[in-house]
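Structural overview for review
These are the residues of each chain, in order.
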Amino acid sequence: MSAGTRRELEAAAIALLASVAIGSALMLIAGKAPGHVWLAMITRTLGDPYALGQVLYKATGLALTGLAVAVALDAGLFNIGAEGQVTAGVLACAVVGGALPAGTPAILAIPLCLIAAAAAGGAVGATIGVLRVARGAHEVITSMMLNAIIAGLALWIGNEVLFQGGTTTGGMIAPGARLPRLGFGGSSVNASLLLAVVAVAAMWWLRARTTWGQAWRAVGQEPEAARSVGISVGRVRILVMTGSGALAGLAAANFVMGHKHAFEEGLGRGTGLLGIAAALLGRMHPIGVAVAALVLGFLSSGGLAVADLVPKELTEMLLGVVVLAVAAAGPWVRRREAVAIR
């Protein structure tokens, strides 16, 4: 194991332990025994097919948005626009799926909807990348602004065109565009889980085994050195942000094609922001992101499983605690290493 890998694993472990400790302290404040609550969360979630399925459902979207954030971070960019990219993907996926004739076969309908979702998210990501490269606009600022613009635009399109019968839900997508559920006690987990697994494997291969993966990581680590060996830093940043947005847009498959089968106001909301936590906790490694998505999915779904013991808001706070713990653990491990070397 390389020193870098060991450092990243250590930071993730410290962050998780710190989160558990803080969560236990909050449970004590709520008047509950932490050991009893944690054990109940584990047994009730893993022992109930429905609860386990909900963990996988939430982890599917988080894995895709976590990968989106991670690939951008690898290239030295902070994509906090995954929230807007998910919304764009949900809207495009639902519009294309709803426009298809009812008899469209799945072999055609599913790829068309996936392409629409990825293209919409990728277009948002490309916009952020172009503004960074061409105008020097920081991607954090442009991402924040685009999140708000896309949310408002999606609501306006919904009100003007999509919403039916006085609701905030649009028409159903074609039957052929719907992804099958995977069982698990009637939970929402669906075949898009396989898409997330493929995306994790593909990103691991690109990152570790290809020249292109080495190029975007070189740009993230030493842009001037990368430029000196002939790498077009601007081109890499635009392409990486486009790919990042496309990954986030693909999360629409989980929400539209596998669950609601229609556009709905707020569908997928929060997944892009929580994907930042998945990327940071997973230390930007695709496998780590997948594990982090499962952990965050477990905390989110497990909070419902123990709602009779502690307030659901407490477990929602834990998700924020994880982000803060990860942000603090990485620099602390690096400083400790530097002190040890000296």
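We now turn to the structure provided with this report. (Residues numbered from 1 in each chain as written. Predicted model: local features only at pLDDT ≥ 70, side-chain atom pairs only at ≥ 80, totals over all residues. Heavy atoms only, no water.)

Helix and strand counts for the protein stand at 14 helices and two strands. The globule rule puts the C-alpha radius of gyration for 342 residues at 20 Å, and the 21 Å found for the protein is close to it. Counting only C-alpha atoms and orienting by the principal axes, one finds that the protein spans roughly 70 × 60 × 35 Å. Per-residue burial for the protein yields a buried fraction of 48% across its 342 residues. For the protein, the proportion of contacts with a sequence separation of at least 24, taken over those separated by at least 6, is 76%. Put simply, the protein shows about 15200 Å² of open surface, and 69% of that area lies on carbon and sulfur atoms. Charged side chains in the protein number 23 positive and 15 negative. The centres of these two groups are separated by 6 Å. (Helix = DSSP H or I, 4+ residues; strand = E, 2+ residues; numbered from the N terminus. Rg over C-alpha atoms; globule rule 2.2 N^0.38 Å. Buried < 20%, exposed > 50% of the residue type's maximum accessible area, 1.4 Å probe, protein only. Contact = heavy atoms within 4.5 Å. Areas by Shrake-Rupley, 256 points an atom, 1.4 Å probe, with all protein chains shown as cover. Lys, Arg positive; Asp, Glu negative; His and termini not counted. Charge placed at Lys NZ, Arg CZ, Asp CG, Glu CD.)

Our focus in this paragraph is the packing of aromatic side chains. Summed over the entire model, instances satisfying the criterion amount to three aromatic pairs. Centroid distance tyrosine 57 to phenylalanine 255: 6.1 Å. Interplanar angle 90°. Geometry classified as edge-to-face. With tyrosine 57 in helix α3 (residues 49-74) and phenylalanine 255 in helix α11 (residues 252-260), this pair connects stretches of sequence that are 198 residues apart. Here the two residues tyrosine 57 and phenylalanine 255 agree in accessibility, since each one is buried. Ring centres of tryptophan 212 and tryptophan 216 lie 6.0 Å apart, and the angle between their planes is 75°; on these two criteria the pair is classed as edge-to-face. Of this pair, tryptophan 212 and tryptophan 216 both sit in helix α8 (residues 211-221), four residues apart, which is roughly one turn of that helix. The exposure class assigned to tryptophan 212 is partly exposed, which follows from its relative accessible area of 30%. (Phe/Tyr/Trp six-rings, centres within 6.5 Å; stacked < 30°, edge-to-face > 60°.)

With respect to the helices and strands, valine 95 occurs in helix α4 (residues 82-99). Judged by relative accessible area, which is 38%, valine 95 ranks as partly exposed. In this structure, the C-alpha to C-alpha distance between valine 95 and glycine 171, residues 76 residues apart in sequence, is 8.8 Å.

Once that is clear, we can look at the nonpolar core. Ranked by size, the top nonpolar core spans 81 residues in total, and within it Val90, Phe263 and Leu299 carry the most contacts. Sorting elements by how many residues they give to this core places α3 first, with twelve residues. Aside from chain neighbours lying at most four places away, what touches valine 90 is Ala252, Phe255, Val256, Phe263 and Leu267. (Core = buried A, V, L, I, M, F, W, Y, C linked by side-chain atoms within 4.5 Å.)

This brings us to helix α10 (residues 233-250). End to end, α10 covers 26 Å across 18 residues, agreeing with the expected 26 Å (1.5 Å per residue, within 8%). Regarding α10, the residues found buried are Val233, Val236, Arg237, Val240, Met241, Ser244, Gly245, Ala246, Leu247, Ala248, Gly249 and Leu250. (Expected span 1.5 Å × (residues − 1).)

Before going further, it helps to spend a moment on the environment of glycine 171. With respect to the helices, strands and loops of the structure, glycine 171 is situated in strand β1 (residues 169-172). Discounting residues that sit within four places of it in the chain, glycine 171 has contacts with Leu162, Gln164, His261, Ala262 and Phe263.

Where α3 contacts α10, the axes come no closer than 7 Å and their chain directions differ by 170°. Comparing the axis directions of α3 and α10 gives the class roughly antiparallel. Of the residues in α10, those touching α3 at Leu64, Thr65, Leu67, Ala68, Val69, Val71 and Ala72 are Val240, Met241, Ser244, Leu247, Ala248 and Leu250. Residues of the contact of α3 with α10, tallied by class, amount to eleven nonpolar, two polar and no charged. (Axes fitted to C-alpha atoms, helices over the stretch in contact; angles between N-to-C directions. Parallel < 35°, antiparallel > 145°, perpendicular 65-115°, else oblique. Nonpolar A, V, L, I, M, F, W, Y, C, P; charged D, E, K, R; others polar.)

With that out of the way, let us pick up the environment of isoleucine 173. With respect to the element layout, isoleucine 173 can be found in the loop between β1 and α7 (192-209). Judged by its relative accessible area of 2%, isoleucine 173 falls in the buried class. In sequence terms isoleucine 173 and alanine 21 are 152 residues apart; their C-alpha atoms lie 45 Å from each other. With residues near it in sequence (within four places) discarded, isoleucine 173 still touches Cys93, Ala94, Gly97, Gly98, Arg178, Val256, Met257 and His261.

Quick look at the packing of α3 against α7 now. Running from N to C, α3 and α7 cross one another at 25°; their axes reach a closest spacing of 9 Å. Relative to α7, α3 is oriented roughly parallel. Once α3 is placed against α7, the crossing between them reads as left-handed. Facing Leu56, Thr60, Ala63, Leu64, Leu67, Val71 and Asp74 of α3, the residues of α7 in contact are Ser192, Leu193, Ala196, Ala199, Val200, Met203 and Arg207. (Left-handed = near helix turned anticlockwise from the far one by under 90°.)

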